[in-house]
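# Results of the structural survey
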Amino acid sequence: MWKEKLERVGDVKWRFAKENREGMKIDAYLYGTKPIVDGVEENAVQQLTNLAMLPGAVGALAMPDIHTGYGVPIGGVGAYDYEEGIISVGAVGFDINCLHPNTKVYLANGAWKRIKDLANTWDEDEIRTLDKEKKKETKSELLYFFSKNDYRQIVRIVLESGDELLVTDDHPILTTDGFIDAGKLGLDKRILVNKIEGVEYEKPEKFLIVDEQRIIEKIREFGLTGGNAERQILEHLRKRNLLNIESTNKQVPILARIIGFITGDGNITITQKTREVSFYGKREDLEELKKDLEALRFRPVLYSRDRHHKIETVYGDVEFNAIENSLHVQSSSLAILLAAFGTPVGNKTKTEFHVPNWIMEMPNWIKAQYLAGLFGAEMSSPRTVNKFNFSEPTLNMSKSVELEENLIQYLEEVRSLLADLGITASKPRKVEGYRYAGKSGETIGYRIEVHGNPENLIKLWSQVGFAYNKKKKELASLAIAYLKIKERIKARRAKARETAREMYQNGVSPRQIVKELSGEHLTESFIKHSIWSDRGDPRIDPEFMSFQDFIEERNLGDGYLWEKIERIEIQEYSGEVYDLTTMEDTHNFLANGVVVSNCGIYALATNLKEEDVRPRLKELINTLYEKVPAGVGSHSKLKLTNDELDLVLENGVDWLVEKGWLTKGDKEHMEEDGKIDGADPSKVSAKAKKRGRPELGTLGAGNHFLEIQVVDEVYDEGIAKAYGLFKDQVVIMIHSGSRGLGHQVASDYLQTMNKAMKRYGLSTPDPQLVYAPAQSEEAQDYLAAMKAAANFGFANRALMASWARNAFEKVFGQDWESLGIRTVYQLCHNILKLEEYEIDGEKRKLWIHRKGATRSLGPGNKLIPKAYRRVGQPVLIAGSMGTSSYILSGTEKSEEETFGSSCHGAGRQMSRKKAIKEFWGDKIQKELTSKGIVARATHSKVLAEEAPEAYKNVDLVIDSVVKAGINKKVVRLKPLGVVKG
Amino acid sequence: MFEYLDEITGDGEFIVRAKTLDELLSESGKALVGLMYDTEKLSKNKRIEIEARGETPKELVYNWLTEILFLQDTENFFFKEFNVKVKFEGGEYRAEGMGYGQDGDPSLVESYVKAVTMHNFYVKETKHGWEARIVVDL
C-alpha cells in the first residue's frame, strides 16, 4: 500500500508525493533501479515518508540500500531547515518590552542595571528570565535593544509589597490569567514577581587577579612538577582563556560564587595521586553548579549514589537510605586555578584561610556573589520562629582548635563584606556546647548572626541571597515579599493608630473613628485599643497569614511568586522608553531517532599485490584476529583513564596522532580530519563512558568486520590514481562504530528527547523518531554528545587501522612505511551535521541527518582532502561479507540532488533470524572457502546471520547510484579474508 | 512468556505477556538475552543486582532492558534468569532485581543486541495482566 504510491520520475528516481499522506510537508524521493524498488519493504517506504513529516523538512530521500530501520529507514537522508519553523514564544517576565528608563533589569551575573544603562552593553549582557514551563529561572542573551523618544501613557503598578512597576500601557504583564496588557490590568489579578535583585552593576577597576607567574608558583607549591604537568596545566588554562585573569573578566563573578561555595561545601584535593575539585549538595543544586563550571569550560561529572546508613542511637539502631550527590571535576588545572584565586585547598578544618584579597577589592556586586556561594552552602535557610517572625540567619563554621584565631578572623572578614553591602551582623561568637573531639583532632565552632530587623534581612536576601541552593533561594524570595507586605501592614496600622489618637483628641467620637478607619488588618478592637491604651508601635495583625500559608498560596517556584496589586495609576509621560527582547527558543528541529551509533568505514591501501598476500593470508587473518579484539564483551588492549576518554571524545583521531599511533597524513585523509568540532564529553553520561572506556580499538559484533581486499576492477584510472589505487592492490577495510558508548548515548537521549517532545507538545509519526527544537537545551546537548560519540567512532576505527598495520608488519617482517600502508579515507555513515546547500538558488544552512548513508561531495568542495579535491570525495561502500565492496567518487550532482549523500552498503533483505535459520555457519564457511576467502569469527552463527544472501546484491545498489549520477565508480574490491566479531 | 517475531529485517522483535509487572520484566529480560545466547547452556554460578526506574511502566521496561545491556557490557556478565520486584514509590516505578548467570563467554554469542529501540514499542495492561512489544537493534 505504500510502494504502490511511488511514481517513477526518472530512470532511477521515484517519488512519493506529499498528497498521499497527511502531514507530509514535502515530497519524498527514493533512488533505485526497478529491481531495487521491487525488493523494497513496505515499512521502509512508510519510514521514508516519516522523514518528510517533521517540522522544517526540506529534503527526505532514501538511497538504494534502503531497508527498514526504527522510525526512519536505513539508507535515509533527512534535511531540515536551520531557520524555518521558528515559533516565537512570548518572553516571560515583566522586565522586557517598553519600559521606563529607571526600570531595573536583573542580569545573569547576579548584578542589576537600570534599563537605560544597558544601552551600551546589551549585546554582552545576559539577563535572568523565567522558563515558565519548567518553572525554572534561566538566562538569556538579548536579541535586540532600542530606545525611542515617545509620549505616551505610562502605567504605574503598585504592588502589595510596595514595589512598583512603570511600564507603557501596551506592555504585557504575566498574570495568573496569562499575559495581559498593563493598560487593561484589573486589581483582581495577581502578577508574577521575583524578589531577588542582586546589587547594582558597577564596572570593576581593572587589575590582574591571577597571571601565569602565579599559576606557576602554585604548581610548584603543590609539587606538580613531574613530567609535562606544568606545561599541560598552563596549556589547558590558556585554551580556556583562564591563564591571565583580570578583574573585568566575565568569568570572575562565576569564579567568585564557586569559590564561596567551595569554602562551604566543597573540597579541593591536590596531591601527587589526585587532583580534583568536588562539591556536595542536592542534585538540582549541583546541576546549577555544573552549568557554571561548564561555562568555564571544565567537565564536571555528577554522581548520585544510594547509600545505606546505619546509626547507633540511644533508641537502638536506626537504618535508612539516603541519596548522596556529588559533583567532581578531575582537573589539575581547575584545582590549581582555584588555589591561585585563594580558595582553601585540602582539609578546611585544618587549613588557615581568608576571604581572598582580590574579593575585597571588587565592586559590591561581585562581593555579593562570593557571599552568595558561601551562604548557599553554609548559611541557615530563611525560616520563622513563630507564625510571622524570622529567626536570625546564622553562619556556623568550625575549625580545629589550633586555628581558633583564624576562624574568628575569617568570620570577621565575612562580616566586613556584609558591612560593605550595608548588612549588619553580630561579632563572631563561640557556639556553646560545640566542641568535638573526632578522629582528626578537636574542633570548635563559631558563628555570626545577621541582625533580624526586616530591612537588614531584606537586604541580605535580595542583594546576596543564596547561590547553588534552589530551596534557600526560593524561600528567600518569598521571605522578602512576605516581610515587605507585613511591614507595610504594620506601617498602616501604626498610621491608623496615630490618626485615631489625633481624631480622638480633636473630639471625634470613638464610634465615628472606628467607622472611618476600620478595614482589613484594622479591626474595631485594634482601633479602640489605640484610642484608650498607650501602647506603642503596633504589632502585626494576629489574623495575618503565616509565612507557611503565604508560601503555599503564592509560590510558583525558583524564586517566582504571585503578588497582589494594590493600585494602578495612569500617568502621562514624555521621554525615552526602552525596548528589549530576549533570545527565545527557536524552533527548528533535530531528530534523534535518525542518528544512532556513528558507524563508519576506514580504508587503508598497501603497496602489496594479491600474489604477495595470498601465501600468508591465513597467518595474516589470524594475526589480525589476535590484534583486533572482536565479538561481544571483547575488551581493548588499551585501558583508557577517565581523562583520556574525555580527550578521545573531544578530539577524536587527534588524540591518536598525539600519541604517535597515527600520522598527520592519516588524519588529513578523513572526513572532518577525524575530529568533529563541538563535541562535549560532559554531555555523555557516566554509563556511556563506562561502556566506552574498555572498548576503544574493538571491532564489536553484528555486521561489523575487518577485511583484506584486493582491487579487482578499476573503472576510472584517473580518479583511482588520485586515490592511490591500482589493479591487484591489497586494501584493508574496517567497518565499525562507536560501540557500547554510542548505543548508550542513543538510549540516554532517546529518553531525554522523548520527554522534550512532551514538553514542547510535539508529535511524531513513530515513537522511535523523536526530535526536539534545534536550539532547545535537549537538542543541543544531544548534538554535543553525538559529536563526542562520533569522535569515539573515528578514533575506534583509526586505532584498529593502526593495529592492522602492526599485524602486517609482524607477518611481512617489514615496517608499515615500506609496505606502503596508508589511509585512503575514513568516513562515517550515521551522523547529523549542519551543512550548507543551495536550494532554489539560495544558500541555506540545513541539519542533514544521514542514517546509514554516506556523505558524498563533488569535485572542488573544500571539505575534501586536498589530494582528492580535484576528483571528488572518496565514497567507501562496504559489501556484505564475502561480496564485493566499492570505492566511488562524489559528484556535483550529489550536492545538487541528495544533499551530498549516497548509499552506504548493500542493505539487508532478510532478517538475521531468518538468515540463521536458512544458512548454517559451517556451510557459509565452506562457501567462503570455496571462493578462496579466509574467514575468522568468534562463532559460526555469526557468519550465518551475515550470510551474503541476506543482503541485496551490492552491484545493483551501486548501479543505481551511478545511474542517478550521484557517484562515479572508481574501483571494485574483492574480499580475500574476513575478521568478524 | 515471550515469543519472537520476525517482521523487521535486521532486528529482533518480541512480545512478552505476564501476569504482573515483576514477571513482565523478568520475561522481557529473558527474551532480550535469548537473542544473544542460548540461556540453557549457561550456568548459574553468579549473580548481579539490577536496578531500574521509570515514571511509566513503559519507561521502566526500557530502562530495565537498557540496564541489562549495560551490565552485560561493563560487568562482562551473561544472564540466565531474573528475579525482580517492582515498587511504586515517590511517583515512579522502581525495579529492584537480581540477575543470575555466569561470566561472559564470547564463544556462546549468536548475535549481538546493540540497543533497545522505541520502534513499535508498547507496554500495556491487559485483562490478563501485562503485555509488551519490544524491538531491539541487532
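Residues numbered from 1 in each chain as written. Chains lettered and ligands numbered in written order. Predicted model: local features only at pLDDT ≥ 70, side-chain atom pairs only at ≥ 80, totals over all residues. Heavy atoms only, no water.

Bringing the overall build of chain A into the picture now. A count of helices and strands for chain A gives 30 helices and 39 strands. Considering only residue pairs separated by 6 or more positions, chain A has 73% of its internal contacts joining residues 24 or more positions apart. By element, 46% of the accessible surface of chain A is carried by carbon and sulfur atoms, the whole surface being about 39500 Å². (Helix = DSSP H or I, 4+ residues; strand = E, 2+ residues; numbered from the N terminus. Contact = heavy atoms within 4.5 Å. Areas by Shrake-Rupley, 256 points an atom, 1.4 Å probe, with all protein chains shown as cover.)

So, about the overall build of chain B. When you go through chain B residue by residue, the secondary structure sums to two helices and eight strands. Mapped in sequence order, the helices and strands of chain B form the string β-β-α-β-α-β-β-β-β-β. Across the 138 residues in chain B, those meeting the buried criterion constitute 62%. Considering only contacts in chain B between residues 6 or more positions apart, those separated by 24 or more positions represent 66%. Summed over all atoms, the accessible surface of chain B reaches about 5600 Å², with 44% contributed by carbon and sulfur. (Buried < 20%, exposed > 50% of the residue type's maximum accessible area, 1.4 Å probe, protein only.)

Before going further, it helps to spend a moment on the side chain of Asn406(A). Here Asn406(A) lies in helix H10 (residues 404-420). Of the residues examined, Asn406(A) reaches a relative accessible area of 4% and is grouped as buried.

Bringing the pairing of strand S28 (residues 705-714) of chain A into the picture now. Residue and element names in this part refer to chain A. Burial of S28 is extensive: nine of the 10 residues sit out of reach of the surface. The pairing of S28 with strand S29 (residues 729-736) spans six bridges and is antiparallel. Note on S29: the bridge partner recorded for Glu707 is Met733. Summarising the sheet, S28 and strand S39 (residues 967-980) pair through nine bridges and their orientation is antiparallel. (Pairing = 2+ DSSP bridges.)

Quick look at the packing of aromatic side chains now. Here the structure, examined in full by the defined rule, presents 27 aromatic pairs over all chains. Ring centres of Phe388(A) and Phe544(A) lie 6.4 Å apart, and the angle between their planes is 35 degrees; this geometry places the pair in the tilted category. Placement of the pair is Phe388(A) in the loop between helix H9 (364-378) and strand S21 (394-400) and Phe544(A) in the loop between helix H14 (524-532) and helix H15 (547-554), with a sequence separation of 156 residues. The burial state of Phe388(A) is the same as that of Phe544(A); both residues are buried. For the ring pair Tyr37(B) and Phe78(B), a centre distance of 4.2 Å and an interplane angle of 10 degrees mean the geometry is stacked. Here Tyr37(B), found in the loop between helix H1 (21-34) and strand S3 (46-54), pairs with Phe78(B), found in strand S4 (residues 77-89); they are 41 residues apart in sequence, far enough to count as distant. According to the relative accessible area criterion, Tyr37(B) is buried, its value standing at 1%. (Phe/Tyr/Trp six-rings, centres within 6.5 Å; stacked < 30°, edge-to-face > 60°.)

Moving on, we get to unusual backbone geometry. Residue and element names in this part refer to chain A. The phi angle at Asp673 is positive, at roughly 55 degrees, despite the residue not being glycine. On the secondary structure map, Asp673 appears in the loop between helix H20 (664-667) and helix H21 (686-692). In this structure, Asp728 takes a positive phi of about 70 degrees despite not being glycine. In this fold, Asp728 is placed in the loop between helix H22 (717-723) and S29. Taking relative accessible area as the criterion, Asp728 reaches 28% and is therefore assigned partly exposed.

With that settled, the discussion passes to the nonpolar core. Residues Ile708(A), Trp64(B), Phe79(B) and Ile134(B) are the most contacted members of the largest nonpolar core, which totals 198 residues. Of all the elements, helix H24 (residues 777-812) of chain A adds the most residues to this core, at 21 residues. Of all hydrophobic cores here, the second largest spans 112 residues; its members include Ile215(A), Leu237(A), Phe279(A) and Leu293(A). (Core = buried A, V, L, I, M, F, W, Y, C linked by side-chain atoms within 4.5 Å.)

Residue and element names in this part refer to chain B. In space, the three strands of this open sheet follow the order S3-S5-S4, with antiparallel pairing throughout. Edge positions in the sheet fall to S3 and S4, since each has one partner strand and no second. Across this sheet, the average inter-strand angle for adjacent strands is 20 degrees, counted without regard to direction. Where S3 lies against strand S5 (residues 92-103), nine bridges are found, and the strand directions are antiparallel. Each residue of the ladder has a partner; that of Lys46, found in S5, is Gly101. The strands touched by H1 within the sheet are S4 and S5, with S4 carrying the most contacts at an inclination of about 155 degrees. (Axes fitted to C-alpha atoms, helices over the stretch in contact; angles between N-to-C directions.)

On average, residues of chain B score 88 in pLDDT, and 96% of them are at 70 or above. Looking across chain B, the model is least confident in strand S1 (residues 2-5) of chain B, with a mean pLDDT of 81, and most confident in H1(B), with 95. (pLDDT = per-residue confidence, 0-100.)

Moving on, we get to the packing of helix H5 (residues 252-265) of chain A against H9(A). All names here are of chain A. It is the contact of H5 with H9, at a shortest axis distance of 7 Å, that shows an interaxial angle of 30 degrees. Taken together, the axes of H5 and H9 are roughly parallel relative to one another. Helix-helix and strand crossings are classified by hand; for H5 and H9 the assignment is right-handed. Facing Val252, Pro253, Ala256, Arg257, Ile259, Gly260, Phe261, Thr263, Gly264 and Asp265 of H5, the residues of H9 in contact are Trp365, Ile366, Gln369, Tyr370, Gly373, Leu374, Gly376, Ala377 and Glu378. Residue classes in the contact of H5 with H9 are distributed as 10 nonpolar, six polar and three charged. (Parallel < 35°, antiparallel > 145°, perpendicular 65-115°, else oblique. Left-handed = near helix turned anticlockwise from the far one by under 90°. Nonpolar A, V, L, I, M, F, W, Y, C, P; charged D, E, K, R; others polar.)

We now examine a negative patch on the surface. A contiguous patch of negative charge on the surface is contributed by Asp117(A), Glu200(A), Glu202(A), Glu205(A) and Glu361(A). You can see Glu361(A) is positioned in the loop between helix H8 (357-360) and H9. (Patch = residues over 30% accessible without salt bridge, like charges linked within 9 Å, V, L, I, M, F, W, Y side chains within 5 Å. Salt bridge = Lys/Arg side-chain N within 4 Å of Asp/Glu carboxyl O. Lys, Arg positive; Asp, Glu negative; His and termini not counted. Charge placed at Lys NZ, Arg CZ, Asp CG, Glu CD.)

Here the focus is H9(A). Spanning 15 residues, H9(A) covers 20 Å between terminal C-alpha atoms, matching the ideal 21 Å at 1.5 Å per step. The element H9(A) is extensively covered by neighbouring structure, given that 13 of its 15 residues are classed as buried. (Expected span 1.5 Å × (residues − 1).)

Next up on the list: the confidence of the model for chain A. Residues and elements named next belong to chain A. Residue-level pLDDT values for chain A average 85, and 87% of them are 70 or greater. Here residues 84-97 is modelled with pLDDT under 50, and outside its nearest four sequence neighbours on either side it reaches 43 contacts, counting other chains as well. Across residues 583-596 the pLDDT falls below 50, and counting only partners more than four positions away or on other chains, this stretch makes 81 contacts in the model.

Let us now look at H15(A). Among the residues making up H15(A), those that are buried are Phe547(A), Phe550(A), Ile551(A) and Arg554(A). The arc enclosing the buried residues of H15(A), seen along the axis, measures out at 100 degrees, which places them on a common side. (Arc of directions from axis to C-beta.)

The subject of this paragraph is the sheet that holds strand S7 (residues 111-114) of chain A. Residues and elements named next belong to chain A. Taken in spatial order, the three strands of this open sheet run S6-S7-S14, and their pairing is mixed. On the outer flanks of this sheet lie strand S6 (104-106) and strand S14 (199-200), each paired with one strand and no other. Strand direction decides the pairing type here: S7 and S14, joined by two bridges, are parallel. Note on S14: the bridge partner recorded for Trp112 is Glu200.

What follows is about the packing of helix H12 (residues 470-505) of chain A against helix H13 (residues 510-517) of chain A. In a packed pair of helices, the relevant descriptors are the angle between the two axes and the axis-to-axis distance. All names here are of chain A. Their axes nearest at 10 Å, the elements H12 and H13 cross at an angle of 150 degrees. By the angle between their axes, H12 is roughly antiparallel relative to H13. H12 and H13 meet at a crossing whose hand is right-handed. Residue-level inspection shows Ala496, Thr499, Ala500, Met503 and Tyr504 of H12 in contact with H13, the latter providing Pro510, Ile513, Glu516 and Leu517. Within the contact of H12 with H13, the residues separate by chemical class into seven nonpolar, one polar and one charged.

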